[in-house]
Amino acid sequence: MRASMVCMAHHVLRFAAGTDVGQRRKVNEDSAYAGPRLLAVADGMGGHPHGDVASRAAITAIAELAARLSPDLPAGDDLAADLAAVVAGITRRLDDLGRQDAELRRMGTTLTAMAWGGAGFTVAHVGDSRGYLLRDGALVQITRDHTMVQSLVDGGQLTMEEAARHPRSSVLVRALQSGSDAHPDIYRQDARPGDRFLLCSDGVFGYVPHEAIRSAVAGSAEPERVVARLIDLANGAGGPDNITCVVADVLPASAGAGERVPLTIGAAGRDAAGPLARLGRRLRRA
Ligand code: MG
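This is a predicted model, so every value here is computed, not measured. Sequence order sets the numbering: in each chain, residues are counted from 1 along the sequence as written. Local features in a predicted model are, by the rule used here, given only for residues with pLDDT of at least 70; side-chain atom pairs are given and counted only at 80 or more, and totals for whole chains, interfaces and linings are based on all residues. Just so you know, side-chain values use all the structure's heavy atoms and leave hydrogens and water out.

Caption draft 1: Molecular detail of the sheet that holds strand β7 (residues 130-135). In this scheme, strands are said to pair when DSSP sees at least two bridges between them. Comment: elements are numbered from the N terminus, with helices defined as DSSP H or I runs of at least four residues and strands as E runs of at least two. Ordered in space as β1-β12-β11-β7-β8, the five strands form an open sheet in which the pairing is antiparallel. The open sheet has two free edges, formed respectively by β1 (11-20) and β8 (138-141), since each of these has just one partner strand. On average, each strand axis in the sheet is tilted by 20° relative to the strand beside it, whichever way the strands run. Note: β1 against strand β12 (residues 243-252), ten bridges, orientation antiparallel. Looking at β12, one finds that Leu13 is bridged to Val250. Its contacts with the sheet put helix α8 (residues 223-236) on β1, β11 (196-200) and β12, and the angle it makes with β1 is roughly 30°. Structural elements are reduced to axes, namely lines fitted to C-alpha atoms, with helices fitted over the stretch in contact, and the angle between N-to-C directions of any two is expressed from 0 to 180 degrees. Two residues qualify as a contact provided that any one of their heavy atoms is within 4.5 Å of a heavy atom in the partner residue.

Caption draft 2: How the structure looks around the pairing of β11. Here's how the labels work: a residue is buried when its accessible area is under 20% of the maximum for its type, exposed when over 50%, partly exposed in between, all with a 1.4 Å probe on protein chains only. With five of five residues buried, β11 is to be regarded as a mostly interior element. With burial as the criterion, each face of β11 is covered, one bearing Arg196, Leu198 and Cys200 and the other bearing Phe197 and Leu199. In terms of strand pairing, β7 meets β11 through five bridges, oriented antiparallel. Each bridged residue has a counterpart across the sheet, and for Gly131 the counterpart in β11 is Leu199.

Caption draft 3: Spotlight on the nonpolar core. By nonpolar core is meant a set of buried Ala, Val, Leu, Ile, Met, Phe, Trp, Tyr and Cys residues that side-chain atoms within 4.5 Å join together. Ranked by size, the top nonpolar core spans 32 residues in total, and within it Leu38, Ile62, Leu83, Ile90, Leu111 and Leu176 carry the most contacts. Elements with a contribution of two residues or more to this core: β3 (38-43), α2 (51-68), α3 (79-100), β5 (111-116) and β6 (120-126). For this core, the element with the highest residue contribution is α2, accounting for ten residues. Counting residues in hydrophobic clusters, the runner-up holds 21 residues, among them Val204, Val208, Val227 and Ile231.

Caption draft 4: A look at the coordination of the magnesium ion. Metal donors were taken as nitrogen, oxygen and sulfur atoms no farther than 2.8 Å from the ion, or 3.2 Å where the ion is Na, K or Ca. Water is excluded, so coordination may look unfinished. Taken together, the protein donors to the magnesium ion comprise Asp43 (OD), Asp202 (OD) and Asp241 (OD), at separations of 2.1 to 2.3 Å. Positions of the donor residues of the magnesium ion along the chain correspond to the pattern D-x158-D-x38-D. Here the residue Asp202 occupies a position in helix α6 (residues 202-205), and Asp241 occupies one in the loop between α8 and β12, the gap between them amounting to 39 residues. Using a relative accessible area of 6% as the deciding quantity, one classes Asp241 as buried.

Caption draft 5: Structural view of the side chain of Thr122. Locating Thr122 in the fold gives a position in strand β6. When residues no more than four places from it in sequence are discounted, the contact partners of Thr122 are Leu79, Ala80, Leu83, Ala113, Met114, Ala115, Ile186, Tyr187 and Arg188.

Pasting the structure below:
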């Protein structure tokens, strides 16, 4: 009895990820990572130089953490401490890059990362990329935007609807940025078999209505098809920004997870022969 309860507590992830430059930008400054232990989206900050360098630095650090975590969920992982250390390391890296090259000063990125612990996630979140949970047909945002308009909503000065239409809706009050300390939200998120999680950049939810996102996320059994549908919807809405999605299903361990090769995409995925590609090979052998 006890053995079956222990067994039931361990589930696995089936994941997919996709990114698209959109219809109006020349460069994709978003990056994302998806693997059996970690999911993450980073959006290099618009209006700042070299957002692609910043999002690549963030997702490279996430991929390095993924390589250190065992795929077999050993007891004793402290995922909150791991994620806090990664976030602090990203800020130090952005500081170093800024010192080496004045053009890179003040570059920044969002980061929404979810580390899988076998029965739930530990979330680390800074900025205005978002995490959502689809459970029992309802899509609920599980991250809180670090934006000026969200602060106004919290203070009762704006409704959610007004905030979504606000001309300065993307102005951030927190981000990972050279020259400033990171203050990530770090917390636990429960999960159960049948749950589907979505991480995405604002190129998705900024232009696709919530109900259309919900319908797309609920609309296919395959995470890959959900990713493709969301990218189509965002491009269909004009694709003004870079578009990035990670979708992960929580499955009973007995279902197996199928393909478990980690994905690194967007700005972080461009250097296919670099350290990230080597990382991918190492994980595949593990
Ligand atoms: Mg964006």
